[in-house]
Amino acid sequence: VIDRIETLEQIITRDNSIHFELKDNYQVIIHSKPHNIIYNPSSTGIKFHQCTSRVKHIMGAFGSGKSTICFMDIFIQATQMPPCIDGVRRMRVALVRNTAGEIETSLIKTWKLWFEPVGTIKARKKPNITIDHKFNSGNGIIELELIFLGLDKNKDLDKIKSTEFTSAYLNELSELPSNILGFMLSRVGRYPSRKMLEGDAADTGNIEWKPPYWYGIVSDTNPPYIDHWLYKLFEVIRPSNYTLFKQPPGLLKDKEGKWIKNDQADNLRYIGQDYYIDKVEGNTQEFITVYCCGDYGILKTGKPVYPQYNDDLHSIDDIKIVPNEMIYYGIDFGTITPAFLVAQLVGGQLRIIKEFLGDNSALEEL
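Keep in mind it's a predicted model, so treat the numbers as computed, not measured. (Residues numbered from 1 in each chain as written. Predicted model: local features only at pLDDT ≥ 70, side-chain atom pairs only at ≥ 80, totals over all residues. Heavy atoms only, no water.)

Digging into the overall build of the protein
- Helix and strand counts for the protein stand at ten helices and 16 strands.
- Looking at the protein residue by residue over its 366 residues, the buried ones come to 41%.
- Put simply, of all contacts in the protein between residues at least 6 apart along the chain, 59% involve residues at least 24 apart.
- Total accessible area computed for the protein in this model is approximately 21100 Å², and 52% of it derives from carbon and sulfur atoms. (Helix = DSSP H or I, 4+ residues; strand = E, 2+ residues; numbered from the N terminus. Buried < 20%, exposed > 50% of the residue type's maximum accessible area, 1.4 Å probe, protein only. Contact = heavy atoms within 4.5 Å. Areas by Shrake-Rupley, 256 points an atom, 1.4 Å probe, with all protein chains shown as cover.)

Shown next as structure tokens:
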């Protein structure tokens, strides 16, 4: 009897202890031994946490803390859930990566770094890796269920039919199927249910009921190529309830065109001041643009006509027309994909001044 009483006292004490504190400007304190874990969001992180768009997507360079921001957003949202009729706040989140292996090496790794000490944890691996957190944020008990899913093919989406989530986190969104956003949006905002929140009152309530909590998708990625579906979605279509957050670049160019570190880059306090500078030597302009500056890349496909061509050596951002030199035109009369080229031959060097490309258009429209 004494042992059972002591066990109950330990449970009560543990549940009444504060495990996760949300402070001003979205600072988070995770109570842990021997030292607390503190999250101080970047300016990008603060804007991300404040955003209430149905889809919140963050894009940035290597090491910029994208996944940490998304994970923190999940736990912050959990503290803001309305209580169910039994007083417990509940949230269920799908955490998606393209393969099961990368769930272990990426998502689980980030979760352990920050959240392993949060409250009481129960983990299981079947049918999917699932982590149940039960913790106190100072405003009552929260039950947060994290379900990790590998979905790299359209057929894998069948795994989540009939599932009900509060929200979803899509890690490295550029590596997932193009219909993943629409599919996952149909599964969120369904937990906790109206019955869980209102009890019997739900049967007589307003038929126009909407979930009294934020639901939607948080996602992150390194920059994809400019012909990727993500580029078209966020830069061309730009749905009204989708918000893209671009993190500050890790590198900038000085007046002489030399790469220098950007003191305003996110996460430098954790990855080190020279993290991006150390990656300049030995890497191409394309690598630096995408993985150090967090900007879109240019796709290279097919077998090159000139294998020796190198963007870093053979191209510049702006080529001026040389007066009194012949201007040449090159034309490709493609049926729906015509092309028109403006070039000069200067001192034996062929200079491509401008290229015009058509898509579903006639040559006259270029």
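Don't stop here, the text continues.
Some words on the pattern of salt bridges
- Tallied over the entire structure, the rule returns 16 salt bridges.
- With its nearest N and O atoms 3.2 Å apart, the salt bridge here joins Glu143 to Arg90. In this pair, Glu143 is assigned in strand β8 (residues 141-150) and Arg90 in strand β5 (residues 89-97), connecting sequence segments 53 residues apart.
- Given a relative accessible area of 31%, Glu143 falls into the partly exposed group.
- Taken together, the salt bridges that share partners define one network made up of Arg92, Arg124, Asp132 and Glu145. (Salt bridge = Lys/Arg side-chain N within 4 Å of Asp/Glu carboxyl O.)

Here we look at the pairing of strand β15 (residues 339-346)
- Where strand β14 (residues 327-332) meets β15, six bridges bridge the pair, whose relative direction is antiparallel. Bridge pairing links Asp332 to Ala339 in β15.
- In textbook terms, the turn of a hairpin is the stretch between consecutive antiparallel strands, and for β15 and strand β16 (residues 349-357) this stretch comprises two residues, one of which, Gly347, has a positive phi near 55°. (Pairing = 2+ DSSP bridges.)

Details of the packing of aromatic side chains
- Evaluated as defined, the whole model comprises 17 aromatic pairs.
- Ring centres 5.3 Å apart and planes at 65° place the aromatic pair Phe48 and Phe245 in the edge-to-face group. Highlighted residues: Phe48 in helix α2 (residues 43-50) and Phe245 in strand β11 (residues 242-246), separated in sequence by 197 residues. Per residue, the accessibility class of Phe48 equals that of Phe245, and both read buried.
- Each member of the aromatic cluster is reached from another via a ring pair, and the members are Phe20, Phe71, Phe75, Phe115, Phe135 and Tyr169.
- Lying over the aromatic face of Tyr275, Lys279 brings its terminal NZ or CZ to 3.6 Å of the ring centre. (Phe/Tyr/Trp six-rings, centres within 6.5 Å; stacked < 30°, edge-to-face > 60°. Lys NZ or Arg CZ within 6 Å of the ring centre and 35° of its normal.)

Topic: the sheet that holds strand β10 (residues 216-221)
- Spatial strand order, β6-β7-β8-β5-β9-β10-β4-β11: eight strands in an open sheet with mixed pairing. Two strands bound the open sheet, and with one partner strand each, they are β6 (120-124) and β11. Across this sheet, the average inter-strand angle for adjacent strands is 15°, counted without regard to direction.
- Bridging between β5 and strand β9 (residues 167-170) involves four bridges; their strand directions are parallel. Bridge pairing in β9 links Ala94 to Ala168.
- The sheet strands contacting helix α4 (residues 100-115) are β5, β6, β7 (130-136), β8 and β9, and the helix crosses β8 at an angle near 155°. (Axes fitted to C-alpha atoms, helices over the stretch in contact; angles between N-to-C directions.)

Quick notes on the sheet that holds β16
- Here we have three strands laid out as an open sheet, ordered β14-β15-β16, and antiparallel in their pairing. Only two strands of the sheet have a single neighbouring strand rather than two, namely β14 and β16. Within the sheet, the average angular offset between the axes of one strand and its neighbour, ignoring direction, is 25°.

Focus on helix α3 (residues 66-79)
- The end-to-end C-alpha distance of α3 is 21 Å, a good match for the 20 Å that 14 residues give at a rise of 1.5 Å each.
- Among the 14 residues in α3, 13 count as buried, and that is most of the element. (Expected span 1.5 Å × (residues − 1).)

As for the environment of Cys293
- As for its placement among the helices and strands, Cys293 is situated in the loop between α9 (285-292) and α10 (311-314).
- With relative accessibility at 14%, the residue Cys293 sits in the buried group.
- C-alpha of Cys293 to C-alpha of Ala61: the two residues are 232 residues apart in sequence and 5.8 Å apart in space.
- Once residues within four sequence positions are removed from consideration, Cys293 is found in contact with Ala61, Pro249, Gly250, Leu251, Trp259 and Ile288.

Focus: α4
- Ile108 marks the point of greatest bend in α4, at about 35°.
- Of the positions making up α4, those classed as buried are Ile103, Leu107, Ile108, Thr110, Trp111, Trp114 and Phe115. (Bend = angle between axes of the 7 residues up to and from the residue.)

Overview of a nonpolar patch on the surface
- Together, Ile321, Ile327, Tyr329, Ile331 and Phe333 line one region of the surface with nonpolar side chains, adding up to about 550 Å² of accessible area.
- Position of Ile327 relative to the elements: it lies in strand β14.
- The exposure class of Ile327 is partly exposed, given its relative accessible area of 38%. (Patch = residues over 30% accessible without salt bridge, like charges linked within 9 Å, V, L, I, M, F, W, Y side chains within 5 Å.)

Things to note about the packing of α2 against α3
- The contact between α2 and α3 brings their axes to 10 Å, and the two run at 40°. It follows from the interaxial angle that α2 and α3 lie oblique. Note on packing geometry: the crossing formed by α2 with α3 is right-handed. Across the interface between the two elements, Gly45, Phe48 and His49 from α2 touch Ile69, Cys70, Met72, Asp73 and Ile76 from α3.
- Residues of the contact of α2 with α3, tallied by class, amount to five nonpolar, two polar and one charged. (Parallel < 35°, antiparallel > 145°, perpendicular 65-115°, else oblique. Left-handed = near helix turned anticlockwise from the far one by under 90°. Nonpolar A, V, L, I, M, F, W, Y, C, P; charged D, E, K, R; others polar.)

Some remarks on the packing of α3 against α4
- Look at α3 against α4: their axes get within 10 Å of each other, and the N-to-C directions meet at 60°. The two elements α3 and α4 cross, and the hand of that crossing is right-handed. Contact residues: Ser67, Thr68, Phe71, Met72 and Phe75 in α3; Leu107, Thr110, Trp111, Trp114 and Phe115 in α4.
- Grouping the constituent residues of the contact of α3 with α4 by class yields seven nonpolar, three polar and no charged.

Keep in mind these numbers describe shape, not what the thing actually does.
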